[in-house]
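Secondary and tertiary structure notes
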Amino acid sequence: MTRLTGRALRVTVFVGENDTWHRKPLYTEIVHRAHAAGLAGASVFRGIEGFGASSLIHTSRLLSLSEDLPVAVVIVDGEERVREFLPQLDELVTEGLVILDDCEVIRYVGRDDEKNNPGTKGKKSL
């Protein structure tokens, strides 16, 4: 199990929900690559409204025609590990925004899957 406490780096990647990488959602590719790189965790958050460099507002409101809602992928790990991962984001994110924030991890505890949560084997979250 990965242990993480103290100073860390948070990378947030803002892309559109319809952005793809080889016909799969871009956010999925980012999460799977972060997992393969052994990073502490990654989560995807779907926005309900937003705009970016194109200045086109995307919204989930019923009367809107926009379906390409904003998506944020948040990854947290030690600075060295996150910086090693940045070239992969450089390859994947052709349109969007990638930001880095210093942060402090107060508590990062995984589940003991087998004892406390049978049936959750392999499921992980940040």
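Residues numbered from 1 in each chain as written. Predicted model: local features only at pLDDT ≥ 70, side-chain atom pairs only at ≥ 80, totals over all residues. Heavy atoms only, no water.

**Observations concerning the side chain of Asp77**
With respect to the element layout, Asp77 can be found in strand β7 (residues 70–77). Engagement of the side chain of Asp77 in a polar contact is seen with the backbone nitrogen of Ala40, the distance being 2.7 Å. Apart from residues no more than four positions distant in its own chain, Asp77 is found in contact with Leu4, Ala8, Leu9, Gly38, Leu39, Ala40 and Val82. (Helix = DSSP H or I, 4+ residues; strand = E, 2+ residues; numbered from the N terminus. Polar contact = N/O pair within 3.5 Å; in protein donor to acceptor, adjacent residues only side chain to side chain. Contact = heavy atoms within 4.5 Å.)

**Considerations on helix α2 (residues 79–92)**
Over its 14 residues, α2 runs 20 Å from end to end, which matches the ideal 20 Å to within 8%, given 1.5 Å per residue. Within α2, the axis deviates most sharply at Leu86, by approximately 30 degrees, and proline Pro87 lies no more than four positions further along. Looking only at α2, the buried set comprises Val82, Phe85, Leu89 and Leu92. Its buried side turned inward, α2 meets β1 (6–16), β2 (20–21), α1 (26–36), β7 and β8 (97–105). (Expected span 1.5 Å × (residues − 1). Bend = angle between axes of the 7 residues up to and from the residue. Buried < 20%, exposed > 50% of the residue type's maximum accessible area, 1.4 Å probe, protein only.)

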